[in-house]
Amino acid sequence: MLSGAALACLAGRAEAADSRLRLTIPPRSYADALIDLGLQANISILGTANCGPSGRTGLSGRYSLRDALDRVLDGAPCRYSIIDDRTVRILPGAARAPTVPAHDVARPPALVAEVVVTATKRPVALDQLPAGISAISRDQILSTRAVDVGQTTGQLAGVLTTNLGPGRDKLLIRGLSDGAFTGRTRSTVSTYLDDAPINYNAPDPDLRLVDVERVEVIRGPQGALYGSGALAGIYRIVTSKPDLERAAFGATSGLAWTRGGDRSHELEGYISLPIVKNRIAIRAVAYEDIQGGYLDDVNLRIANVDQTRRDGGRFALRVQIDDSWRLDALAATQHLRSNDTQYVSTPPTNVTARSVLGIAVEDGSPIFAPAIRQNRVREAHNNDFSYGGVTLAGDFGWGSLTSSTSYVHHVFSSQFDASIVLGPGEPLANVASEQDLGVFTEGARSNILVQDLVIRSSAAGPVDWLFGVYAARTDETTPSTYGVLSTGGKVMTAYRENRKDRLREYAIYGEGSYDLGDGWSATLGGRFFETRIHTTADLKIVQPYGPRFFDRARKFEGLSPKISVQRELPNGDLVYGLITEGNRPGGFNSSGFLPIRESRTTFAPDRLRNYEAGVKLRRFDNRLGVKAAAYFDDWQNIQTDRYRQSGLAYTANVADANIIGLEGELSYDWPFGLSVQVNGLLSDSRLHNANTDFVQPVTGDLPGVPKISGGFLAVYERSIGGGISLRLVGEASYVGRSRLSFDDTLNSRTDNYLRAKLSAELAARHWRMTAFVNNPLDDEGDTFAYGNPFTFAREGVRQATPQRPRTVGLRLGAAF
């Protein structure tokens, strides 16, 4: 079957040069017409800014790629070069360059390449958008093997993530953090899969980035276009679409070995097939990876307890209905299982970790790990994600219409050792003895149905507009149970809560831009929204507490505005000023052994307003790219998830905050095959107006907000003859110290830590082999995470989450 698919792919590539594309491009500037051509032909067109902002061109009919480029760029002050079947580079100058490079010429990494993004709900070149936006292209994802969200953060300015473990983390943008804990509050970053939101208050599903076209990030609140949940920004995964013209196939497998841990392995593949040429095509993706454990548990006498298994896949369908209408359908699923958490407890000061853990397990092998694990139960975690969506898009002379319908089914659960709650003075001291075993399990089952309709103008005149209608229904069930296993073998349920949250969101939104002349333009937008929340909870608690029932409902409504002014200079540079806003709805607290007092039953909405100024420029024949932005944020009524002494979670409005920051990205491509990218964030926050109902003293700054963070990426590629190229990649990211919590009584801070990766790759036309090492310095710095909520704040207990130890590995890949 695989050899047959490969032959089909080769045949498809052989006739690619003669294949004809069905194109409808209304009259517009050269740069905008090229952007449309790239989207409709499903290819990457780099450097459209070289054509300038002027010109007028359009196209309608069936053309080969070369014919389409010739017609679009007829009379333009720029030329094109076809790099390969999927990539075209636009160069300055009217003379046409040769279109077919020799195979021995290495393809440059092009970290400065211009990328067309659609995260603003319209296709626009990244450098033309008045906002803090970054994108990682397909080539960059493949070069760095950034296979999940956490591995992309060092390549994106101002983007961080917690390190609780696979399927448990939350994304942070620009240091807009509400803490490391994940509870009832809605995520500050909204994660999108293509055109659909896929998270609410759950941790990030940690989707594996297989066969992904690009990753887009918008920094700062995006309430006008995306509504609640986009308080800090948008993280968008754009999948590769089925190709109506050509067949394609790719696969990768790899093995890795971690110091002191088990072996890891990965296997992934994709295939794209045209079913009816130019009309119907499908694309399928499948993957599996196992991350070997590397932490040992002393009490359980188990080595490498924290193994994680992840498997999943996608199936996509594209139907070109006619010259104007296109339908895309996508189904995706992923299953993630972690056998245990990845935090450790530091050993007593008079005993070294190595001496404590030098014990033998049942098979006689010794246990050695970075620090002590002394749990009485394995703290497993499951995260299952399923998605289905349909997008219908129509292109017309006056504009376009996109209707997206999606459904997300997300189930996750965690288990914790909660035996400490059985001790003297604890909530269950009268129910069981401290020798008994306490186990707390919590889960969530979320069903999210979303409909989003967007109508856009063609941007053919001085006015460009967008209008949208949005509706979402979220039903979430969150059961939690506290069980006690006595030393005599008796099992008892001491606490059980079955909570249901029903959320309905409705909104109309839009924005309009006006060309003021001389490169100036202004944009005004906003979103009118209404959110309804209904929460019920049925609690069964052992005596002396007793059962109770909770039933509350609330409605929230408002307006999220957006204002921006920008100027595009004659040389293509961009300067802009921007005001945006984001919000999250309020909600209810129901958990606890005792009834909650009225002032803590509810938590209010929070709102963040962003004031931003930025610049984007290119120099040295577009080999240098610079993006920088300064911002000031006013965050009111900050919501944060917290844990009571009993280990049960609740949500509170802790304080207001002002955040000031400076972010930047710099990229440079040398002509001899070296590309370098540097990004950084300077951030400072100040809390004020602390909630007087907040029991513990409040810190002076936001948790998880280092003063300094940044990343570095270098890619070098050269041909070594015989159709083989060598690619060397070095990547590093730095995260400064920060607090874990708003509670000033807790002296819990992360370490300064450095994450690094090195790789060397040999690649031919269809094959590649890569050797890599992650964490080559074996840095053990404590990252931004916590471990067990029942012991996190206990005196004398320090939980730490070090990086994964040094890991070396090999990968073999093929693409046809």
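Conventions we followed
- Residues numbered from 1 in each chain as written.
- Predicted model: local features only at pLDDT ≥ 70, side-chain atom pairs only at ≥ 80, totals over all residues.
- Heavy atoms only, no water.
- Helix = DSSP H or I, 4+ residues; strand = E, 2+ residues; numbered from the N terminus.
- Contact = heavy atoms within 4.5 Å.
- Polar contact = N/O pair within 3.5 Å; in protein donor to acceptor, adjacent residues only side chain to side chain.
- Phe/Tyr/Trp six-rings, centres within 6.5 Å; stacked < 30°, edge-to-face > 60°.
- Buried < 20%, exposed > 50% of the residue type's maximum accessible area, 1.4 Å probe, protein only.
- Disulfide = S-S within 2.5 Å.
- Expected span 1.5 Å × (residues − 1).
- Patch = residues over 30% accessible without salt bridge, like charges linked within 9 Å, V, L, I, M, F, W, Y side chains within 5 Å.
- Areas by Shrake-Rupley, 256 points an atom, 1.4 Å probe, with all protein chains shown as cover.
- Salt bridge = Lys/Arg side-chain N within 4 Å of Asp/Glu carboxyl O.
- Pairing = 2+ DSSP bridges.

On to the environment of Thr523. Mapped onto the fold, Thr523 is located in strand β26 (residues 520-541). Measuring from C-alpha to C-alpha, the distance between Thr523 and Glu511 comes to 6.8 Å, with twelve residues separating the pair along the chain. Excluding residues that lie within four positions of it along the chain, Thr523 makes contacts with Glu511, Gly512, Ser513, Lys562, Ile563 and Ser564. In terms of polar contacts, Thr523 uses its side chain to reach the side chain of Ser513, at 2.7 Å.

The final tally for this structure, using the stated rule, is twelve aromatic pairs. Seen in terms of ring centroids, Phe249 and Phe816 are 6.5 Å apart; in terms of plane orientation they differ by 20°. Their pairing is stacked. Residue Phe249 is located in strand β15 (residues 248-258), and its partner Phe816 is located in the segment after β42 (807-815); the two are separated by 567 residues in the primary sequence. Summarising the burial analysis for this pair, Phe249 and Phe816 share the class buried.

Under the criterion given, the structure shown has one disulfide. Cys51 shares a disulfide with Cys78; S-S distance 2.0 Å. In this structure, the disulfide formed by Cys51 and Cys78 twists by about 90° around the S-S bond and is classed as right-handed. In this pair, Cys51 sits in the loop between β2 (44-46) and β3 (57-63) while Cys78 sits in strand β4 (residues 78-84), placing the two residues 27 residues apart along the sequence. For Cys51, a relative accessible area of 1% corresponds to the buried category. With relative accessibility at 2%, the residue Cys78 sits in the buried group.

Residues spaced three or four apart along an α-helix face the same direction, because each turn holds 3.6 residues. Taking 1.5 Å of rise per residue, twelve residues should cover 16 Å, and helix α2 (residues 30-41) covers 16 Å from first to last C-alpha, within 8% of that figure. For α2, the buried fraction is high: nine of the twelve residues fall into the buried class. For α2, the full list of buried residues reads Tyr30, Ala31, Ala33, Leu34, Ile35, Asp36, Leu37, Gly38 and Ala41. Downstream of α2 by one or two residues, Asn42 has phi in the positive range, about 60°.

Where nonpolar side chains cluster on the molecular surface, the patch consists of Trp398, Val463, Trp465, Phe467, Val469, Ile508, Tyr514, Leu516, Trp520, Phe528, Leu559 and Val565 and spans about 1100 Å² of accessible area. For the nonpolar patch, the element with the highest residue contribution is strand β24 (residues 463-485), accounting for four residues. Mapped onto the secondary structure, Trp398 falls in the loop between β21 (381-395) and β22 (399-417).

Further remarks concern the pairing of strand β14 (residues 233-239). The buried count for β14 comes to seven of seven residues, which makes it a mostly enclosed element. Alternating positions in β14 separate into two faces, Gly233, Tyr235, Ile237 and Thr239 on one and Ile234, Arg236 and Val238 on the other, with burial throughout. Here five bridges tie strand β11 (residues 189-193) to β14, and the two strands are oriented parallel to one another. Bridge assignment links Val189 to a residue of β14, and that residue is Gly233. Sheet analysis places strand β13 (residues 212-219) next to β14, joined by seven bridges and oriented antiparallel. Across the sheet, residue Val217 finds its bridge partner in β14, namely Tyr235.

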